[in-house]
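Structure at a glance
Residue strings, one per chain:
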Amino acid sequence: MQTLIATKINSGISSAKASRLYWLGRYAERVYLTLHMLRKHFDLMIDEDQDAYITFCTKMGIENKYRSPEDFTKRYLFDISNPESVINMLERVKDNSMTLREEIMSETLCYVELCIAHMNKPEVQRCGIEGLQRITDYMLAFWGSIDERIVNNEIRHSIKFGKFVESMDLHIRFDYQFNRVEGIFNRMLHSIEKECYICDEMTLLTLKQHLTFDDYKNIGVLQLINSLFRA
Amino acid sequence: MYSLVKQRDTVNKWMERFGVRFGIYKGGNFHEQLFPFDPIPRIISHNDWVEIEAGLIQRVNALNMFLADIYNEKRIVKSGIIPEEFIYSSSGYMAQCEGITPSKSIFSHISGIDLVQAKDGKWIVLEDNLRIPSGASYPMIARTVTRKVSPETFKENAVFDNRNYSTLIRKAMDYVNVDNGLEVILTPGRYNSAYFEHSYLAEKAGVILAFADDLIVENDTVYYKGLFEKRERVGVIYRRISDEYLDPLAFESSSLLGVPNLMRAYATGNVAIMNALGNGVADDKGIYYFVPKMVEFYLGEKAILQNAPTYLPYFEEDKKYVLENLKTLVIKDVAEAGGYGVMFGCEMNEEQLANIKNLIETDSRRWIAQEVIDFIDLEIMDGEERIFRKSDLRAFVISEAETKVWHSGLTRYTRSPTSFIVNSSQGGGFKDTWIMKK
């Protein structure tokens, strides 16, 4: 069995690597939460609101270029040529993961590979959103693997910082209650206070002042959340 | 082994899960594809291996001595063993490396020696790769997977473990590291054909995977650019970028893959580069002809491993033979690699033969000719059928305080029944290589 006898620990984060860590967290969370939000909207489309996908597009801040619920299902989920599609989000997760293999480990990267292989199966594409529960399961395993396998706190917290930023952004866009958003914000604070140097302190202070029950849905808050990263 | 063959779909699923791919450019576009894996391993007996191992160590030691000599005293040229022209006209020779002695005087830290086994059982060296030999990660991860999928196979067969390749690389990096600096693998990026290997080796060796923008040279010293202007000294770079792209200020000025002034830091001795710059002069296909002579010259020994019978049209006598026997020879362009520039006389029509004759006559240094080795075919699985295909073996030799041979290798096979070209870039697949313990 392989044994690493060398004693020197090689560790370093360049600004380009910090950016990849942050965006890995953001895109991975975007995949997970987008599927979650989509399921709610697809449920509405069953018997309450056939056009719920249009509301979804508005909340996501993307153009509704889809001709019908079926067209939306096909192109928003599986069309690789559509830059907003879920499969494209996964490709961005893969882009960032591949360049971070030595930090996140092959065992974590595997879950991204499994997601993409699953999404590309014709039988899964025929099923639509129902076929994507496995993606959600893989993404949860991905996050579990991030927590379990990455021993370098700076690396782990940088990825999770991206995750929490994305999570706050999407929860606000999809009108979640204040206490939910505040809960995510507090989890982010808990994480970055430990060892994370890529959060801009001044922006964070301003955000703390504006993230209130009355103001949290203002566009300015979203802008602050999306300006937290610095490297 | 039967269980391994039976479970090849499971093995391939695991390979997909680990993202075991290689990149390929087709029509100017980048594609990633799985590297086809055949479950039937190449098996090398313990006795065969003992001889191969000794031959490889001897050959790589001689090649390292040649490189040290050629960039310094040039005794082998002065002694008339290798014509001067062969050195200076080699595209791999770098005048900028004259007088430079790398850390611990090692030039080729990782050498990939391509061998074939002739039908009489003899192992023959086809090519030396001393610049950036790649491919070791594939049998390494294949073994990880096959041991998971078919543990009984490895209970029943006493095979050397090959998962220590990254440890060997790491030890070589530790050995040449200058001032205990950071250890990095420098990759040209994820659109390189061997990117999987760069990232996988960085993970398994416990070193940093660096991109050109992550490094900076200040005061002839290489630093890793940390967050907010933090600088950390780099002691060794295992570069996966060709010489000409490594430093835009010293070599190809349009290169975005390299690090400006890296050559200065290297020449000053402030950083070790694995493999050293300028090694291309030793793995030039023309220089290959002289390797058995190098062994005798530097080590005073007869070469244990033989070359394929090779002719240098540069020598009049050889040229005459080559031109008369073109139809039975394989012609290689010394400037090409990766299976390109290899032409079989028996496959050429009259017009092509006339063209190549003309080229050999006008630029004889550019070509070598070899007898076609009838090397053994290995069994591979094609669906449910066992068929035979040509294959070679790339052995990996690691030079640090001692020269060691990795107890495995990359066995590549051609997927076409009529081809001798095994390169992955030309559609070949790979097998695990088992070295038996007894």
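Residues numbered from 1 in each chain as written. Chains lettered and ligands numbered in written order. Predicted model: local features only at pLDDT ≥ 70, side-chain atom pairs only at ≥ 80, totals over all residues.

With that settled, consider the overall build of chain B. Scanning chain B from N- to C-terminus turns up 15 helices and 21 strands. Over its C-alpha trace chain B gives a radius of gyration of 22 Å, about what one expects of a compact globule, namely 22 Å for 438 residues. For chain B, the spread of C-alpha atoms along the three principal axes comes to 60 × 55 × 45 Å. Taking all 438 residues of chain B together, 47% fall into the buried category. (Helix = DSSP H or I, 4+ residues; strand = E, 2+ residues; numbered from the N terminus. Rg over C-alpha atoms; globule rule 2.2 N^0.38 Å. Buried ≥ 20, exposed ≤ 12 C-beta atoms within 10 Å, placed from the backbone.)

What follows covers the overall build of chain A. Along the backbone of chain A there are 12 helices and 0 strands. For chain A, the α and β elements follow one another from N to C terminus as α-α-α-α-α-α-α-α-α-α-α-α. Expected size for 231 residues packed as a compact globule is a radius of gyration near 17 Å; at 19 Å, chain A falls within 12% of this value. Seen along its three principal axes, the alpha-carbon backbone of chain A occupies a region of about 60 × 50 × 25 Å. Across the 231 residues in chain A, those meeting the buried criterion constitute 40%. At a minimum sequence separation of 6, the contacts of chain A that also span at least 24 residues come to 67%. (Contact = placed C-beta atoms within 7 Å.)

This part is about the interface of chain B and chain A. Taken together, the 32 residues of chain B in the interface contact 28 residues of chain A. Per-element accounting of the side of chain B that touches chain A gives the leading share, 5 residues, to helix α8 (residues 165-176) of chain B. Here the residues of the side of chain B that touches chain A are counted per class, giving 10 nonpolar, 8 polar and 14 charged. (Nonpolar A, V, L, I, M, F, W, Y, C, P; charged D, E, K, R; others polar.)

In this section: the confidence of the model for chain A. Low pLDDT means the predicted atomic positions in that stretch should not be read closely. Across chain A, the average pLDDT comes to 93, with 97% of residues at or above 70. Per-element mean pLDDT across chain A ranges from 91 in helix α10 (residues 178-195) of chain A up to 97 in helix α8 (residues 133-149) of chain A. (pLDDT = per-residue confidence, 0-100.)

Another aspect to go through is the confidence of the model for chain B. Model confidence for chain B is summarised by a mean pLDDT of 93, while 97% of its residues fall at 70 or above. Here the prediction assigns the complex a pTM of 0.92, and the interface score ipTM is 0.90.

Our next topic: the packing of helix α1 (residues 15-47) of chain A against helix α2 (residues 52-60) of chain A. Residue and element names in this part refer to chain A. Taken N-terminus to C-terminus, the directions of α1 and α2 make an angle of 150 degrees; their axes are 8 Å apart at the nearest point. Compared by their axis directions, α1 and α2 come out roughly antiparallel. Residue-level inspection shows M37, L38, H41, L44 and M45 of α1 in contact with α2, the latter providing A52, Y53, T55 and F56. Its residues placed into classes, the contact of α1 with α2 shows 7 nonpolar, 2 polar and no charged. (Axes fitted to C-alpha atoms, helices over the stretch in contact; angles between N-to-C directions. Parallel < 35°, antiparallel > 145°, perpendicular 65-115°, else oblique.)

Taken together, 4 strands build an open sheet; the order of strands is β13-β16-β14-β15 (chain B) and the sheet is antiparallel. The open sheet is flanked by β13 (310-311) and β15 (342-344) of chain B, the only strands paired with a single partner. (Pairing = 2+ DSSP bridges.)

Here we take up the domain arrangement of chain A. All names here are of chain A. Taken domain by domain, chain A comprises domain 1 (16-150) and domain 2 (152-231). When each unit is reduced to the centre of its C-alpha atoms, the spacing between domain 1 and domain 2 is 21 Å. Counting from both sides, the interface comprises 19 residues of domain 1 and, opposite them, 18 residues of domain 2. Those elements giving two or more residues to the side of domain 1 that touches domain 2 turn out to be α1 and α2. No other element matches the 13 residues that α1 contributes to the side of domain 1 that touches domain 2. (Domains from an automatic or database assignment.)

Before going further, it helps to examine the environment of T153 of chain B. All names here are of chain B. You can see T153 is positioned in helix α7 (residues 151-156). T153 gets classed as buried once you count the C-beta atoms within 10 Å, which come to 20. Residues T153 and A267 lie 114 residues apart in sequence; the distance between their C-alpha atoms is 49 Å.

Here we take up the domain arrangement of chain B. Each domain of chain B was delimited in the assignment, giving domain 1 (2-302 + 375-435) and domain 2 (309-371). Computed over C-alpha atoms only, the centres of domain 1 of chain B and domain 2 of chain B are separated by 27 Å.

A few words on the pairing of strand β3 (residues 37-44) of chain B. All names here are of chain B. Within β3, 6 of the 8 residues are buried, which leaves it mostly tucked inside the rest of the structure. Sheet analysis places β3 next to strand β21 (residues 429-435), joined by 5 bridges and oriented parallel. Bridging from a neighbouring strand, D38 pairs with K431 of β21.

V31 of chain A together with I169, V184, V271 and M274 of chain B are the most contacted members of the largest nonpolar core, which totals 177 residues. Among the elements that take part in this core, α1 of chain A stands out by supplying 10 residues, more than any other. (Core = buried A, V, L, I, M, F, W, Y, C linked by C-beta atoms within 7 Å.)

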